[in-house]
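Summary of the model geometry
These are the residues of each chain, in order.
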Amino acid sequence: MRGTARAFAVSTAALTLGLTACSAGGPADGRTVEQTVPKAGESTKKPEKTKKPAGPVTLKYWTSSPPEAALRRAITAFERANPGIEVELRTFAEADYRKRLPKALDGDEALDVVGLPIPAMTRTVANRLRPVDEWKDNVSGGWVEELDEGAVKQTKKAAKNGTLYSVPMGSSGGAVMYYNAALLSELGLSFPKRAADLESIVMRVKKEIPDLQPIVFSGEPRRQEELLFTIAGQTHPTLSDDLLAGDKPWNGPEMVSALTAYRSLFDRGVLAKSALTLKGDRPAELFRSGKALFLVDGSGQSSMLSESYRKTAEISVKKIGAGPFPTVLPNAKPAVRSTAEVGLAVPKSSKHVAEAATLVHFLTAGDGVSSWAGDLTLVPARGDFRMESSVFATTEGKDGYAAIQELIRNGGSLNVPDEAFLERAEGDAILDVAHGRTTAKKAADLLQKEWSRGQ
């Protein structure tokens, strides 16, 4: 018995040396998981002991994100670090998942961990989930509090009752701007910080390389709404949230100013009205094939910054960088709206709560983050996370991802519109402004009228 205990202690010590300072490795037999050495200022109070399982534990984990291949890499690392716990992973397309998860939680499916599309599903299934406060102390160290504050706040807010039901894995944001780094360098130009800088570049490209599109972007209402509130957020970071909460009118001076600045980009030729016909992934296709200098899109396109992704996807542009959309109004600061996208929750049906907590910690605040985050589609919520430089191979890619990471963590409003209002009135009003069919003031008045009618 003593020999077994001694061997276990040696194994745990060896594992601890291989982990990062923020990781809390754990025993595989279902006992309370504790860090070997508490951090400075960290509570040393031990969580309540849980009943030791009779044998190896299999956790049932359902999700729609991140991609399965990335999650399986993380799960392999988790099972290696926790040899008494196995994970049975099932991934779904998001539309299918939204239908199946509530039924599974209401039925006989004893799920242990579920990935939660935070804005879309938190309220739908909250009453089938254990609040995080009920199980987080199965892993010691105050680890939830060490995650990105904004992501945790958005996750809690999604429930509408101030309760945290899932632990955020990562966030997205938009709009941001990607660029052909090699071509920009050949022109002897730097990434533009202000709209005036961008205008100068666009005019030069039109003159010297007429076959190249200076900037491509999607003309779909959702993407233009994202661009508009990126510009608005540069001077009024919470404007989108304030409008949707009814705290500010849609025809107030902040919105009129944002619409005016947005239209100015099209009137000055910085953004081409002809590009508004582009839909879906077409803008990204043009950029990846070298037919455009800049691409305006969401942070989900950050995969292009990865060298391995560019090779796998056969992207002809070999050096891609990224940064904030240039500031438009005076005294503006770079900004994006952000969204805590995916959270990990423990259902009430789970029979292995301590082990489930160990997995959630590993994937959100522990060593598992580096295993799934490499596709760059989400910015991890782990506060101290930095992507390995080897993922990028170029300085532009590394710096671009760091810039996007900073933007998202400093995000103002939630990057989620009122879909019904967007479809009924907002989308058309924004596009009418871009095309020059109406003024900013008239569009703002219309939006306020339609918003009041809908409420």
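Residues numbered from 1 in each chain as written. Predicted model: local features only at pLDDT ≥ 70, side-chain atom pairs only at ≥ 80, totals over all residues. Heavy atoms only, no water.

1. Observations regarding the overall build of the chain
The cut-off we apply is this: Under the DSSP-based scheme used, a helix requires at least four consecutive residues in state H or I and a strand at least two consecutive residues in state E, with every element numbered from the N terminus. Each residue gets one of three labels from its accessible area relative to the maximum for its type: buried under 20%, exposed over 50%, partly exposed in between, using a 1.4 Å probe on protein chains only. Between two residues, a contact is recorded if the distance between any of their heavy atoms is within 4.5 Å. Only the protein chains shown count as cover for residues, and the accessible areas themselves come from Shrake-Rupley with a 1.4 Å probe.
Across its full length, the chain carries 17 helices and 10 strands. Among the 455 residues that make up the chain, the fraction classed as buried is 54%. A fraction of 75% describes how many contacts in the chain between residues 6 or more apart in sequence connect residues 24 or more apart. In the structure as shown, the chain presents an accessible area of about 20600 Å², 50% of it carried by carbon and sulfur atoms.

2. Looking at the packing of aromatic side chains
For clarity, the threshold we go by: Each pair of aromatic rings taken from Phe, Tyr and Trp, with Trp reduced to its six-membered ring, is defined by centres within 6.5 Å and is described as stacked if the planes are under 30 degrees apart, edge-to-face if over 60, and tilted in the remaining cases.
The tally for this structure, following the rule as stated, stands at 12 aromatic pairs. Grouped by ring-pair contacts, the aromatic residues Phe229, Trp250, Phe421 and Trp451 constitute a single cluster.

3. Some remarks on the side chain of glutamate 225
Spelled out, the test is: Polar contacts, as used here, are pairs of N or O atoms within 3.5 Å; protein pairs need one atom able to donate a hydrogen and one able to accept it. Residues neighboring in sequence count only if both atoms are side-chain atoms.
Its location among the elements puts glutamate 225 in helix H8 (residues 221-233). Residue classification places glutamate 225 among the buried positions, given a relative accessible area of 2%. Of note is the side chain of glutamate 225, whose polar atom sits 3.0 Å from the side chain of arginine 222.

4. Here we look at unusual backbone geometry
Look at the link from serine 65 to proline 66: it is a cis peptide, with omega at 0 degrees. The residue proline 66 is located in the loop between strand S1 (57-63) and helix H2 (68-81) in this model. Cis rather than trans, the peptide bond between glycine 174 and alanine 175 has omega equal to 5 degrees. Here alanine 175 lies in the loop between strand S4 (167-174) and strand S5 (176-180). You will see that leucine 376, though not glycine, has its phi angle at about 70 degrees, which is positive.

5. A word on the confidence of the model for the chain
Operational definition: Each residue gets a pLDDT score, which is the predictor's confidence in that residue and runs from 0 to 100.
With 88% of its residues at a pLDDT of at least 70, the chain reaches an overall mean of 89. In this model residues 1-54 is a low-confidence stretch, pLDDT under 50, and it forms 70 contacts with partners more than four residues away in sequence or in other chains.

6. Structural notes on a positive patch on the surface
Selection criterion: Patches were defined on residues exceeding 30% relative accessible area and lacking a salt bridge, with like-charge contacts within 9 Å and nonpolar side-chain contacts (Val, Leu, Ile, Met, Phe, Trp, Tyr) within 5 Å. In the sections that follow, a salt bridge refers to a side-chain nitrogen of Lys or Arg positioned within 4 Å of a carboxyl oxygen of Asp or Glu. Counting rule for charge: Lys and Arg are taken as positive, Asp and Glu as negative, and neither His nor the chain ends is counted. By convention, the point assigned to a charge is CZ for Arg, NZ for Lys, CD for Glu and CG for Asp.
Taken together, Arg123, Lys153, Lys157 and Lys160 make up a surface patch of like positive charges. Residue classification places arginine 123 among the exposed positions, given a relative accessible area of 58%.

7. Focus: the pattern of salt bridges
On inspection of all chains with the given rule, the structure shows 25 salt bridges. The salt bridge involving glutamate 68 is made with arginine 72; its shortest N-O contact spans 2.8 Å. Taken together, the residues glutamate 68 and arginine 72, both in helix H2 and four residues apart, mark about one turn of the helix. Its relative accessible area of 35% is what places glutamate 68 among the partly exposed residues. Take arginine 72: its relative accessible area is 37%, and that puts it in the partly exposed class. Across the pair lysine 136 and glutamate 145 runs a salt bridge, and its minimum N-O distance is 2.8 Å.

8. Quick notes on helix H13 (residues 353-364)
Operational definition: One less than the residue count of a helix, multiplied by 1.5 Å, gives the span that helix is expected to have.
Counted at 1.5 Å a residue, the expected span for H13 with its 12 residues is 16 Å, and the 16 Å between its end C-alpha atoms agrees. Of all 12 residues in H13, 12 are buried; the element is thus mostly enclosed. Of all the residues in H13, the buried ones are Val353, Ala354, Glu355, Ala356, Ala357, Thr358, Leu359, Val360, His361, Phe362, Leu363 and Thr364.

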